[in-house]
Amino acid sequence: MRLSKLAEGIKTSPILTLAAEINDKIAAGEQFYNLTVGDFNPSYFPIPEAYRTAIIDAYKAGETNYPGARGLLGLRKAISAYLKHFGKLDYDIDSILITGGARPIIYAIYKALIDPGDKVIFPVPSWNNDHYSHLNSAQQLLFETHPEDNFMPRIDEIRKRLDGARLLALCSPLNPTGTAMSRKGLEEICDMVLEENARRAGKEKPLYVLFDQIYWMLTFGDTVHYNAVQIRPEMRDYSIFIDGISKAFAATGVRLGWGFGPTDVLAKMRSVVAHMGAWAPRAEQAAAAKFLTQTDLVEAYMNNIRKEIRTRLDGFYKRFKALEAAGHKVTAIEPQAAMYLTVQFDLVGKTTADGRRLNTSNDVHRYILDEAKVGFVPFSYFGASEDSTWYRLAVGTCTVDQIDDIMDSIEAALKKLS
Ligand SMILES: Cc1ncc(COP(=O)(O)O)c(C=O)c1O
């Protein structure tokens, strides 16, 4: 071994590997639909026009030096006002840290709270907590969630693992499922955390909760995003939130994220981020300070992106339910939030037209990929069991017009199975 144990053990993202495989096929001239990555095609999902203009103006105005370790004051003020206006949350400028996309916030939370061997609890499927745990040599206490719960965690599963745990990592709206936590579910979790921390008071380090709410602005219909501090104000001391512009403003490549939480934890996270230099570019920050305070523009953009995403999710959902009604062993969970649809291909045991039996969920995945030419991400890539029959379908890279073509192709592939 030439490298550190950490580097030897690091895994590349299977999602990005799959996405690259499909993109290679597309580049080689094959007709393929890539619904794998949680990204947006800027042709259909551009960033807000006013934000784009403000970024260009900021560069022209010479906003090109270091942005400072906390992030620009003007942006922290704007985020504080944004959280107040859209989320009814009170976080001041010292409780907000700005980074280059949301990922450095997650990394810094782990770094600030976790010593090697410390326990981190998280439900699966989950986005990247396995990687952040590995990067911080944490002990992963994970458990599976279920479709009948919209893949949200059961309180007893968390409670069982509480002993000595340092961090509970939660995400809602959830990547990969596009579902959101209910008020009751969140209340139960908050009460359990508060009870546990009351028990620990002065004797043990508290249990913190990482709340990843990067998709909170993208909810549909009756779905409401609940925030722990709003429903249990005492949770403020133990909660660190993750947010940013990547998903709400289709700005995955602009790289601007932020975290908010207790100032003492944030101060240490700031140092971690500063040593990595994982700051957001200054011009993007200056422009976001301008854009986010224009609430009418933000609202107009949000209304449109929600409509665009929802039309796609509903389109796929209806076709999956129609296939199910026609007797195919597929289904989908009604879309609630984010940019993902949870779909099921329960096809193990089926036989292909050329007489091959689909023996494993991986065979099923490959069959849909090769025969229908459509790429989804299996939940096993998000830590669910290898035999999970559930998949994530991401809609940010397709047009509404493509939905029928994609679903016709899936239907044709399903019809070839016996
Ligand atoms: C749940 C969740 N949190 C955080 C991120 C990271 O966002 P960013 O691209 O801003 O680093 C993602 C990106 O896919 C995500 O799905």
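These notes cover the structure that comes with them. Predicted, not measured: the structure shown is a model, and the values here were computed from it. (Residues numbered from 1 in each chain as written. Predicted model: local features only at pLDDT ≥ 70, side-chain atom pairs only at ≥ 80, totals over all residues. Heavy atoms only, no water.)

On to the pattern of salt bridges, then. Counting across every chain of the model gives 30 salt bridges. Close ionic contact of R183 with E187 constitutes a salt bridge, the shortest N to O distance being 2.9 Å. On the criterion of helical spacing, the pair formed by R183 and E187 is a turn pair, its members being 4 residues apart in helix α8 (residues 183-200). Classification of R183 by relative accessible area gives partly exposed; the value is 39%. (Salt bridge = Lys/Arg side-chain N within 4 Å of Asp/Glu carboxyl O. Helix = DSSP H or I, 4+ residues; strand = E, 2+ residues; numbered from the N terminus. Buried < 20%, exposed > 50% of the residue type's maximum accessible area, 1.4 Å probe, protein only.)

A word on the site of the ligand. Within the structure, the ligand sits among 13 residues, and R103, N175, D212, Y215 and S246 are positioned closest to it. A102 is positioned with one of its backbone polar atoms (N or O) 2.8 Å from an oxygen atom of the ligand. Between the ligand and the protein, one listed contact pairs an oxygen atom with a side-chain N or O atom of S246 at 2.6 Å. Starting from 390 Å² of accessible surface for the ligand in isolation, the protein chains cover 96%. Spatially, the ligand is embedded in the largest pocket. When grouped by side-chain class, the residues that make up the shell around the ligand number 6 nonpolar, 3 polar and 4 charged. (Near = heavy atom within 4 Å. Polar contact = N/O pair within 3.5 Å; in protein donor to acceptor, adjacent residues only side chain to side chain. Areas by Shrake-Rupley, 256 points an atom, 1.4 Å probe, with all protein chains shown as cover. 1 Å grid on protein atoms, 1.4 Å probe; cavity = no way out; pocket = protein on both sides within 12 Å on 5 of 7 lines; lining within 4 Å. Sits in = over half its atoms within 2 Å of the grid points. Nonpolar A, V, L, I, M, F, W, Y, C, P; charged D, E, K, R; others polar.)

A water-sized probe, rolled over the atoms, reveals where empty space remains. Enumeration over the complete set of coordinates arrives at 4 cavities of 30 Å³ or more. Along the wall of the largest cavity there are 20 residues; nearest its centre are S126, N129, L170, C171 and L174. If you list the elements that add at least two residues to the lining of the largest cavity, you get β3 (119-124), α6 (129-135), β5 (165-171) and β6 (208-212). Per-element accounting of the lining of the largest cavity gives the leading share, 3 residues, to β5. Grouping the amino acids of the lining of the largest cavity by side-chain chemistry returns 15 nonpolar, 4 polar and 1 charged. Considered as a void within the structure, the second largest cavity measures approximately 90 Å³ in volume. Surrounding the second largest cavity, 13 residues form its lining, S172, L186, F211, H225 and Y226 being those nearest its centre. Secondary structure elements with two or more residues in the lining of the second largest cavity: β5 and β6. (Points joined across faces, edges and corners; volume = space filled by probe spheres on them.)

The end-to-end C-alpha separation of helix α2 (residues 14-27) is 20 Å, in line with the 20 Å expected for 14 residues at 1.5 Å each. Along α2, the residues classified as buried are I15, L18, A19 and I22. Seen along its axis, α2 keeps its buried residues to an arc of 100°; they face one direction. Every exposed residue of α2 that faces more than 90 degrees away from the buried side is listed here: L16, D24 and A27. (Expected span 1.5 Å × (residues − 1). Arc of directions from axis to C-beta.)

To continue, consider the packing of aromatic side chains. Here the structure, examined in full by the defined rule, presents 22 aromatic pairs. Arranged with centres 6.3 Å apart and planes meeting at 90°, the rings of F379 and F382 form a pair that is edge-to-face. You'll find F379 and F382 in the same group, each marked buried. Ring pairs connect the aromatic residues Y51, Y82, F86, W216, F249, W258, F291 and Y301, which therefore count as one cluster. Above the ring of Y91, the side-chain terminus of R236 is found at 4.3 Å from the ring centroid. (Phe/Tyr/Trp six-rings, centres within 6.5 Å; stacked < 30°, edge-to-face > 60°. Lys NZ or Arg CZ within 6 Å of the ring centre and 35° of its normal.)

For the rest of this paragraph, the subject is the layout of surface pockets. When its volume is computed, the largest pocket comes out at roughly 680 Å³. Forming the boundary of the largest pocket are 29 residues, of which L16, R103, W127, N128 and Y132 lie nearest the centre. Of all the elements in the fold, those that place two or more residues in the lining of the largest pocket are α2, α5 (103-113) and α6. Broken down by element, the residue count for the lining of the largest pocket peaks at 4 residues, all from α6. Taken together, the residues that form the lining of the largest pocket break down as 14 nonpolar, 8 polar and 7 charged. Here the second largest pocket defines a volume of roughly 390 Å³. Forming the walls of the second largest pocket are 20 residues, and the residues nearest its centre are K11, P14, D130, S380 and Y381. Elements that contribute at least two residues to the lining of the second largest pocket include exactly α6, β4 (139-144) and α13 (361-372). Across the lining of the second largest pocket, the residue classes break down as 6 nonpolar, 11 polar and 3 charged. Structurally, the lining of the second largest pocket is a two-domain feature, drawing no fewer than three residues from each of domain 1 (5-45 + 300-415) and domain 2 (49-294). (Domains from an automatic or database assignment.)

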